[in-house]
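A structural walkthrough
Each chain, written out:
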Amino acid sequence: MTLTHDTPARTDPGKPPAQQASLIVQGADATGIVAAVTAVLGAHGANIVSLDQYSDNPQGGAFFQRTVFGLDNLRVALPALRTDLDQHLVSPFGLSYTLRDLSVPKRVAIFASKSDHCLLDLLWRHRQGQLPVTVAMVVSNHPDVAEEVRGFGIPFFHVPCQGADKSAAEAEHLRLLQGNVDFVVLARYMQILSGDFIESVGVPIINIHHSFLPAFIGAGPYAKAKQRGVKLVGATAHYVTQDLDEGPIIEQDVVRVTHAHTAADLARRGADVERAVLSRAVLWHAEDRVIRNGNHTIVFA
C-alpha cells in the first residue's frame, strides 16, 4: 500500500530536501502499527510525503514500512521524536526502526580494480547529482584509474593486494574506512574479502557481478557463455556476506543476446547492464529504500 500527499514523493535525488527524514520500521506484523506511526508523526507536526509498507503474512508475518516526512526544525525535533517512537513502537509492538535526516548524505567508499566501467559510471552519476551520497574515497589494488578518479575531485588510494595473504591490505583498508564511511561499494573489485574484514568493517558492502553465477565461474565468463550459446546476459547487485556471492539481492536485470553476438559483444552488453544495476542499487540504498530481512530484501523502489 502507498499513501501519498500532494507533496511529490520523489525529489531530485542529488539534492535531498533540507527538512525531510526517512523512518524505516520493521518487525512482527500486528494491528495498529501504521496508525501508531502516523499518530506519532502527526503529534510532532510532521507532513507525510510518502508511505510504503509490506507484510509477508498479515497473520503474524513480518512487517516493513518506509515513511518519508517533512518537519520544520527537523534536527532539533529528532531527539523528542525518537523518544516517542520508542514509547509507541518499540515498547508496545516490539518493532525496530531507523530514523535519518535525508539532508545528510551517506558517505561511501568505492573499491575498484582495473575494470573501470562501474566505477566511472558511479562517479559520473554522482557529479551529475543523480546519487545522493558523499564519495569519501576510491580504493583500488591497481593505480590505473588514479588520474581519472582525481579528475572528479575524489581522493584515490592505491592499496596493493596480491597473493594469498591479504591481511596487510585489509588492515590498511580498515584504517582508511573506519569512522569515515557509511557503506562500501565493490565496483568490480576483483578481490575476495575475508570474513574478518567483512565483520570488522561494520558497514554494509554492496557488490556487483554478472548473473551467470554459479555457471561460468572464473576467468573469461563471457567467452564461456558464448561457447554455451546463452540467450541472456545480466547482472546482480547484492549485499556482501561471508558466503561468497550469496548475500541478499538488491537488484538484477538482463538483456537478450543472440547467436550473432561475439564474446566481446556479450561482455559489452554485460558491462552496460552492470552499470545500470549497480547504480540503482546504490541509489536505493542511499535513499533507505532497501530493508534487509535475513538473506533477502524488501525494496521500496
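For the protein, the name recorded in an unreviewed UniProt entry is Formyltetrahydrofolate deformylase, with Streptomyces gilvifuscus as its organism. Looking at the Pathway (unreviewed entry) heading of the UniProt record, one finds this comment for the protein: "Purine metabolism; IMP biosynthesis via de novo pathway; formate from 10-formyl-5,6,7,8-tetrahydrofolate: step 1/1." If you open the UniProt record of the protein and go to Sequence similarities (unreviewed entry), you find "Belongs to the PurU family."

All right, on to the packing of aromatic side chains then. Throughout the structure, instances matching the rule amount to two aromatic pairs. With centroids separated by 6.2 Å and ring planes inclined at 15°, the aromatic side chains of Tyr54 and Phe64 adopt a geometry described as stacked. Of the two residues, Tyr54 is situated in strand S3 (residues 47–55) and Phe64 in strand S4 (residues 62–70); the sequence distance between them amounts to 10 residues. We classify Tyr54 as partly exposed; its relative accessible area is 39%. A centroid spacing of 5.3 Å and a plane angle of 85° characterise the contact between Phe111 and Tyr189, whose relative ring orientation is edge-to-face. Of this pair, Phe111 sits in strand S6 (residues 106–112) while Tyr189 sits in the loop between strand S9 (183–186) and helix H6 (195–201), and the two are 78 residues apart along the sequence. By the burial criterion, Phe111 is buried, and Tyr189 matches it.

On to the pattern of salt bridges, then. Taken as a whole and assessed by the stated rule, the structure comprises 12 salt bridges. Of the charged contacts in the structure, one is a salt bridge between Glu172 and Arg175, with a shortest N-O distance of 2.8 Å. Residue Glu172 and its partner Arg175 are located together in helix H5 (residues 167–177), separated by three residues, close to a single helical turn.

Calculation criteria
Within any chain, residue numbers begin from 1 and follow the written order of that chain's sequence. For a predicted model such as this one, the threshold for reporting local features is a pLDDT of at least 70, and the threshold for listing and counting side-chain atom pairs is 80 or more; totals across whole chains, interfaces and linings nevertheless cover every residue. Remark: hydrogens and water are excluded; side-chain values derive from all non-hydrogen atoms of the structure. UniProt positions are given in the numbering used here, feature names are shortened, and annotations may be inferred rather than shown by experiment. The criterion for an aromatic pair is that two Phe, Tyr or Trp rings (for Trp, the six-membered ring) have centres within 6.5 Å, with stacked assigned to planes under 30 degrees apart, edge-to-face to planes over 60 apart and tilted to the rest. A run of DSSP states H or I qualifies as a helix once it reaches four residues; a run of E qualifies as a strand once it reaches two. Both are numbered from the N-terminal end. Burial classes follow relative accessibility: with a 1.4 Å probe on protein chains only, a residue under 20% of its type's maximum area counts as buried, one over 50% as exposed, and anything between as partly exposed. In what follows, salt bridge is the name for a side-chain nitrogen of Lys or Arg lying within 4 Å of a carboxyl oxygen of Asp or Glu.

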